[in-house]
Amino acid sequence: MSKVTKHVLDNGMTVLLKEVHAAPVVSWWVLYRIGSRNERTGQTGISHWVEHMMFKGTEQFPREELEKMIERVGGSWNAQTSFDYTAYFETMPADQIDLALRLEADRMQNVAFKPEEVESERTVIISERQGLENSPTFWLSEEMSAAAFRVHGYHHEIIGDMADLTTMTRDDLYNHYRTYYAPNNAIAVAVGAFDTADMLEKINALYGGIPARDVPPLFSRPEPEQQGERRITVERPGMNAFLEFAYRVPAASHEDHYKLAVLASVLCGPSSGSIDNKTSRLYRALVETGIAASVDASMYPSADPYLLSFSVMAGEGRTLEEAEAELERQLALVRDGDISAAEVAKAKKQARAAFAYSNERVTGQAFRLAFYENLGSYEWVESYLDKLDAVSYEDVIAAARKYLLPRNRVVGWLIPTGLDEDGGDEMEMDDDGEE
Amino acid sequence: MTVKSNLMHSLPTSETITRATLPNGITVLAYPNPSTQSVVVSGGLDGGGAIHERPEHNGLAVLTAEALMRGTQTRDFQTLASALEDVGADFGVSAGVHGVSFGGKALAEDLPLLVEIMADVLRRPTFPAEHIDLLRRETVTSLKYSLQDTRRQASRAFRQALYPADHPYHRSARGTLDTVPNLTADMAADFHAQHYGPTGMTVVVVGNIEAAQVAELIQAKLGDWENPRQPQWEPVSMVAQPDGVRQAYAPIPGKTQSDFVMGVVGPARKAADFQAARIANSVLGEFGMMGRIGENVRVKNGMAYYAYSSLEGGHGPGAWLVSAGVNPANVERAIELSLAQVRQMAEQHVNDDELSDVKSYFTGRMPLQLESNEGVAGTILSMVEFDLGLDYLLHMPGIIDAITREDVVEAIRRYWQPDAYVVAVSGPPVA
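What you see is a predicted model, and the numbers here were worked out from it, not measured in a lab.

**A look at the overall build of chain B**
Phase 1 of the analysis: From N to C terminus, chain B includes 16 helices and 11 strands.
Phase 2 of the analysis: Expressed along its principal axes, the backbone C-alpha trace of chain B runs to roughly 60 × 55 × 35 Å.
Phase 3 of the analysis: Each of the 431 residues in chain B was classed as buried or not, and the buried ones make up 62%.
Phase 4 of the analysis: When contacts within chain B are restricted to residue pairs at least 6 apart in sequence, those whose partners lie at least 24 apart make up 81%.
Phase 5 of the analysis: For chain B, the distance from the average site of its 34 positive side-chain charges to the average site of its 49 negative ones is 5 Å.

**Some remarks on the interface of chain B and chain A**
Accessible area lost when the parts come together is the quantity often used to give the size of an interface.
Phase 1 of the analysis: Listed by partner, the interface residues are 78 residues for chain B and 79 residues for chain A.
Phase 2 of the analysis: Note on chain B versus chain A: buried area summed over both sides is about 6,600 Å², and carbon and sulfur give 53% of it.
Phase 3 of the analysis: In this structure, the connection of chain B to chain A is made through 5 salt bridges.
Phase 4 of the analysis: Here K144 of chain B makes a salt bridge to E316 of chain A, at a shortest N to O gap of 2.5 Å.
Phase 5 of the analysis: Taken together, the links from chain B to chain A amount to 37 residue pairs in polar contact (both at pLDDT 80 or more).
Phase 6 of the analysis: Sorting elements by how many residues they give to the side of chain B that touches chain A places helix α5 (residues 129-146) of chain B first, with 8 residues.
Phase 7 of the analysis: Split by residue class, the side of chain B that touches chain A holds 31 nonpolar, 28 polar and 19 charged.

**Section: the pairing of strand β1 (residues 5-8) of chain A**
Residues and elements named next belong to chain A.
Phase 1 of the analysis: As judged from the 4 bridges shared by β1 and strand β2 (residues 14-19), these two strands associate in the antiparallel manner. For H7, the partnering residue across the bridge sits in β2 and is V15.
Phase 2 of the analysis: Between β1 and β2, which follow one another and run antiparallel, lie 5 residues, and G12 among them has a positive phi close to 95 degrees.

**Some thoughts on the domain arrangement of chain A**
All names here are of chain A.
Phase 1 of the analysis: The domain architecture assigned to chain A consists of domain 1 (4-207) and domain 2 (230-416).
Phase 2 of the analysis: A C-alpha centroid distance of 28 Å is found between domain 1 and domain 2.
Phase 3 of the analysis: Contact with domain 1, which involves 36 residues of that partner, is made by 35 residues of domain 2.
Phase 4 of the analysis: Counting each side, the surface lost to burial between domain 1 and domain 2 is near 3,200 Å², with a carbon and sulfur contribution of 69%.
Phase 5 of the analysis: When the buried surface of domain 1 facing domain 2 is broken down by residue, V4, L140 and M144 rank first, second and third, together holding 19% of it.
Phase 6 of the analysis: Among the ionic pairs, E373 bridges to K6, the shortest N-O distance being 2.6 Å.
Phase 7 of the analysis: At the level of elements, β2, β3 (25-32), β5 (86-93), α5 (136-148) and β6 (186-192) are the ones that each hand at least two residues to the side of domain 1 that touches domain 2.
Phase 8 of the analysis: Looking at the side of domain 1 that touches domain 2 residue by residue, the classes come out as 21 nonpolar, 8 polar and 7 charged.

**Some points on the domain arrangement of chain B**
Residue and element names in this part refer to chain B.
Phase 1 of the analysis: Each assigned domain of chain B is listed here: domain 1 (16-222) and domain 2 (245-427).
Phase 2 of the analysis: If you average the C-alpha positions of domain 1 and of domain 2, the two centres end up 28 Å apart.
Phase 3 of the analysis: Tallying the contact residues gives 34 residues for domain 1 and 35 residues for domain 2.
Phase 4 of the analysis: When domain 1 packs against domain 2, the two sides together hide about 2,700 Å² of surface, and 69% of this comes from carbon and sulfur.
Phase 5 of the analysis: The three residues of domain 1 that bury the most area against domain 2 are T150, R151 and F158, which together make up 22% of that side's buried surface.

**Topic: helix α14 (residues 373-385) of chain B**
All names here are of chain B.
Phase 1 of the analysis: A rise of 1.5 Å per residue sets the reference length of α14, with its 13 residues, at 18 Å; its end C-alpha atoms lie 18 Å apart and thus fit the reference within 8%.
Phase 2 of the analysis: Turning to α14, its buried residues are N373, G375, V376, A377, T379, I380, L381, M383 and V384.
Phase 3 of the analysis: Looking at the buried side of α14, the elements it contacts are β2 (27-32), β3 (38-48), β6 (202-207), α13 (366-369) and α15 (392-401).
Phase 4 of the analysis: Remark: D387 follows α14 within two positions and exhibits a positive phi of approximately 55 degrees.

**A closer look at the pattern of salt bridges**
Two side chains with opposite charge may pair up if their charged atoms get near one another.
All names here are of chain A.
Phase 1 of the analysis: By the definition in use, this model includes 50 salt bridges over all chains.
Phase 2 of the analysis: Note that D171 is salt-bridged to R170, the shortest N-O span being 3.0 Å.
Phase 3 of the analysis: On the basis of relative accessibility, which here comes to 25%, the residue R170 falls in the partly exposed class.
Phase 4 of the analysis: E229 is paired through a salt bridge with R231; the nearest N and O atoms lie 3.1 Å apart.
Phase 5 of the analysis: The class for E229 is partly exposed, based on a relative accessible area of 33%.
Phase 6 of the analysis: Classification of R231 by relative accessible area gives partly exposed; the value is 45%.
Phase 7 of the analysis: What you see here is one network of salt bridges that share partners, running through E229, R231, E324, E328, R335 and R409.

**Regarding the packing of helix α9 (residues 274-285) of chain B against helix α11 (residues 331-347) of chain B**
Residue and element names in this part refer to chain B.
Phase 1 of the analysis: Relative orientation of the contacting elements α9 and α11 amounts to 130 degrees, with a least axis distance of 10 Å. Here α9 lies oblique to α11, going by the angle between them. In the crossing of α9 with α11, the sense of the turn from one axis to the other is right-handed. When α9 is examined against α11, the residues A280, V283 and L284 are found in contact with a partner set consisting of Q341, V342 and M345.
Phase 2 of the analysis: Looking at the contact of α9 with α11 residue by residue, the classes come out as 5 nonpolar, 1 polar and no charged.

**Structural notes on unusual backbone geometry**
Residues and elements named next belong to chain B.
Phase 1 of the analysis: Phi at F127 is positive, roughly 50 degrees, even though this residue is not glycine.
Phase 2 of the analysis: Judged by relative accessible area, F127 falls into the buried class, the value being 5%.
Phase 3 of the analysis: Even without a glycine there, the phi angle at M290 is positive, about 60 degrees.

**Focus: the nonpolar core**
Phase 1 of the analysis: The biggest cluster of nonpolar side chains holds 71 residues, and the ones touching the most others in it are V189, L243, L263, L267, F310, L327 and L404 of chain A.
Phase 2 of the analysis: What V189 of chain A contacts, discounting residues up to four positions off in sequence, is L16, S27, W28, W29, A366, L369 and A370 of chain A.

**A word on the side chain of E223 of chain A**
All names here are of chain A.
Phase 1 of the analysis: Topologically, E223 is positioned in the loop between α8 (196-207) and β7 (230-236).
Phase 2 of the analysis: At 4.2 Å, R248 is the nearest oppositely charged side chain to E223, a buried residue that forms no salt bridge.
Phase 3 of the analysis: At a separation of 2.8 Å, a polar atom in the side chain of E223 contacts the main-chain amide nitrogen of R150.
Phase 4 of the analysis: A polar side-chain atom of E223 sits 2.8 Å from the main-chain amide nitrogen of V151.
Phase 5 of the analysis: The contacts of E223, once residues within four sequence positions are left out, are A148, F149, R150, V151, H152, R230 and R248.

**Digging into the packing of aromatic side chains**
All names here are of chain A.
Phase 1 of the analysis: As enumerated under the stated definition, the model contains 37 aromatic pairs over all chains in all.
Phase 2 of the analysis: Arranged with centres 6.4 Å apart and planes meeting at 80 degrees, the rings of Y300 and Y306 form a pair that is edge-to-face.
Phase 3 of the analysis: Here Y300 falls in the partly exposed class, since its relative accessible area comes to 25%.
Phase 4 of the analysis: Looking at Y306, the relative accessible area reads 12%, which means it is buried.
Phase 5 of the analysis: Geometry around F55 places R107 over its ring, the cationic atom sitting 4.8 Å from the centre.
Phase 6 of the analysis: R409 extends its terminal NZ or CZ atom over the ring of F245, reaching a point 4.3 Å from the ring centre.

**So, the packing of helix α1 (residues 46-53) of chain A against helix α7 (residues 170-180) of chain A**
All names here are of chain A.
Phase 1 of the analysis: One can describe the packing of α1 onto α7 by two numbers: an axis separation of 10 Å at closest approach and a directional angle of 85 degrees. Judged by the inter-axis angle, α1 sits roughly perpendicular to α7. Mapping the contact onto sequence places I46, S47, W49 and V50 in α1 and D172, L173, H176 and Y177 in α7.
Phase 2 of the analysis: Residue composition of the contact of α1 with α7, grouped by class: 5 nonpolar, 2 polar and 1 charged.

About the cut-offs
Residues numbered from 1 in each chain as written. Chains lettered and ligands numbered in written order. Predicted model: local features only at pLDDT ≥ 70, side-chain atom pairs only at ≥ 80, totals over all residues. Heavy atoms only, no water. Helix = DSSP H or I, 4+ residues; strand = E, 2+ residues; numbered from the N terminus. Buried < 20%, exposed > 50% of the residue type's maximum accessible area, 1.4 Å probe, protein only. Contact = heavy atoms within 4.5 Å. Lys, Arg positive; Asp, Glu negative; His and termini not counted. Charge placed at Lys NZ, Arg CZ, Asp CG, Glu CD. Buried area = accessible area lost by both parts, 1.4 Å probe. Salt bridge = Lys/Arg side-chain N within 4 Å of Asp/Glu carboxyl O. Polar contact = N/O pair within 3.5 Å; in protein donor to acceptor, adjacent residues only side chain to side chain. Nonpolar A, V, L, I, M, F, W, Y, C, P; charged D, E, K, R; others polar. Pairing = 2+ DSSP bridges. Domains from an automatic or database assignment. Expected span 1.5 Å × (residues − 1). Axes fitted to C-alpha atoms, helices over the stretch in contact; angles between N-to-C directions. Parallel < 35°, antiparallel > 145°, perpendicular 65-115°, else oblique. Left-handed = near helix turned anticlockwise from the far one by under 90°. Core = buried A, V, L, I, M, F, W, Y, C linked by side-chain atoms within 4.5 Å. Phe/Tyr/Trp six-rings, centres within 6.5 Å; stacked < 30°, edge-to-face > 60°. Lys NZ or Arg CZ within 6 Å of the ring centre and 35° of its normal.

Right under this line is the structure:
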């Protein structure tokens, strides 16, 4: 497999290139080092809204044309806003990649943010938030973040608070765009069937002339150390109860990150969706006993300290008290050193398989390079398995003892209040009404 | 229109796919992809779907398929799960309305293990009572969760209004809160004994493999499988279009957004006009920013985050539908805007640019679809499932290219009659 080469253009834009000739496709990503963690009160959700505005077109690529030109040639494209970045990609048949290169160079500089388009998009984004609000677990997630982070920008949802979505202005959005969408604040990645020298030349020609800008230091307020367990409850219409434990853990750059990744895998299976978790400790203790209908763990690799979370959907006829007691008992067992070397070895083996699977598509490969370069270095992708391998059985227990402590967590309960008010669980039909 | 030459050598075709039919009727297709480290197995059975279950046993087909991974004559639940998870492999079985699908993934050296597990769970499941109880409870929990899900409830209400009560598409294959608690291990064992068998079974294997060895491997584990009870493939009956506007409403307290599903009965995958309808659907609500519907409901009027149309195809009279999530105050307007797009397409021809864009999209996306083992396996499986022939990818550009503007408009007109459709809304109760 070919190596990644890293280049920094004269204007400061970071470019990572990796040739993969397995299929005639190329994925092109441009990631800006700005995300929801950098948003101030009053402007929560601005990174995501700006991402939407980037699909409104430019003089060179008017919106109507923009929406069609990638798919017309068989490409796929999208964008994502996260805590720590905003990113755009196109994955194209290899002979069409120039279109993607031109598009991203153009919309790095020339999106107009017309007032009428900002207003039309405001209601689209409010609709997106209302769609999220329709899920009871969104309310739990939002309250968990708010409880876990009083000071740091991780306290609000990426979509933003409704109060800000209704009041932010066109100028707020445009200023955000002009401030942070600069080549010296961008990481661009190509992975696929191309020649590196040729690709670099094209990138230089299109992006090298975009002037660097003074990007102010990113707004970020460190979260003070937590001073004891925090508990929240959310009550929403529904019939299912949920429990969540969220432990404060270090950023992805911290040496304990890999120890925690193995710990999470031992407890709840690999984070990759391509491998199941039915042999994991928490599945066996919670789901196989019927206490829970499902259990998941997640630890998002983040720029600043974030959370290792365990989410449980209570089983039929079981209570949140039972689920919480059993989850706590399982975590206490690990803190007491009750894990086996075989479990640690299994976690590492599963990570190796998941890593092999994840390298089969250029889109995912390019994304991971951009993602980790933003957090510290793209080389973390290549050294990931070695770093996991270096984690010992003792490291995993030590990580559990250090982080999985009640005083370091938020406990959240989602209590369902039923669906029967206003006849809510009845279905009405005006025709052949079976229900 | 021709397939690009740099793709030709690597296309899955009758030249590059190794096909074998075992004496008991199992079709095996293998396609090597040496650039990956993994292997994907994907396949299906002709029977075992919800179409075969009695209405009072609704959910049995799904429960039976899920229960296969819960224990066999030689492996209990944890032994099965460990065999896979210890090497980072995965395998699962699921049932739909028509049949059973199965599939898994492993590092290439573990293909024999994947085939062994596949054969074991398909042939020798034991349906342990405690696991049937767990699965039943998990299904009930999940059904209760879906009761507060506006998208799911709009979709349920839509299907109940579109399909007659005695049609399999009227029901959800997952079952209901009334039927699932009554399903038993014995019912699942009987359902398996009757409906699972080699006749009509297809297995596709794609990845870093020796194609010639795949059929031998499968012959060794499944070659002696017989089931004389296995019934013939049974098509579902066709369904008449709605004769007027049918509305359904599923209120759910506490919601801030309403979702609606509106549609008609669409063509089956094998219908002569399926491709024309697929192109029409793409113009209507798929291509670009969700087609004409997305342009009008989302982009121009800012009423929805999602608003699109889709065509189900499949083996029976699947739906052709429009879905959107909008503020409760905008439901009627969004429905009217969507209907206006359908009417405009039926009244005025699509223009040449639209047609050319969508055709180019359908043929041009082939390299991306075929990039992964999963993508190739899925493509090969559908070639077999719908009798498209193993050279379908060579013919497909010509088939698409031959479709005219008149074909597209005719497809819209045939399925979307004026004022004859179903619309189902789920959202907060309206005062």
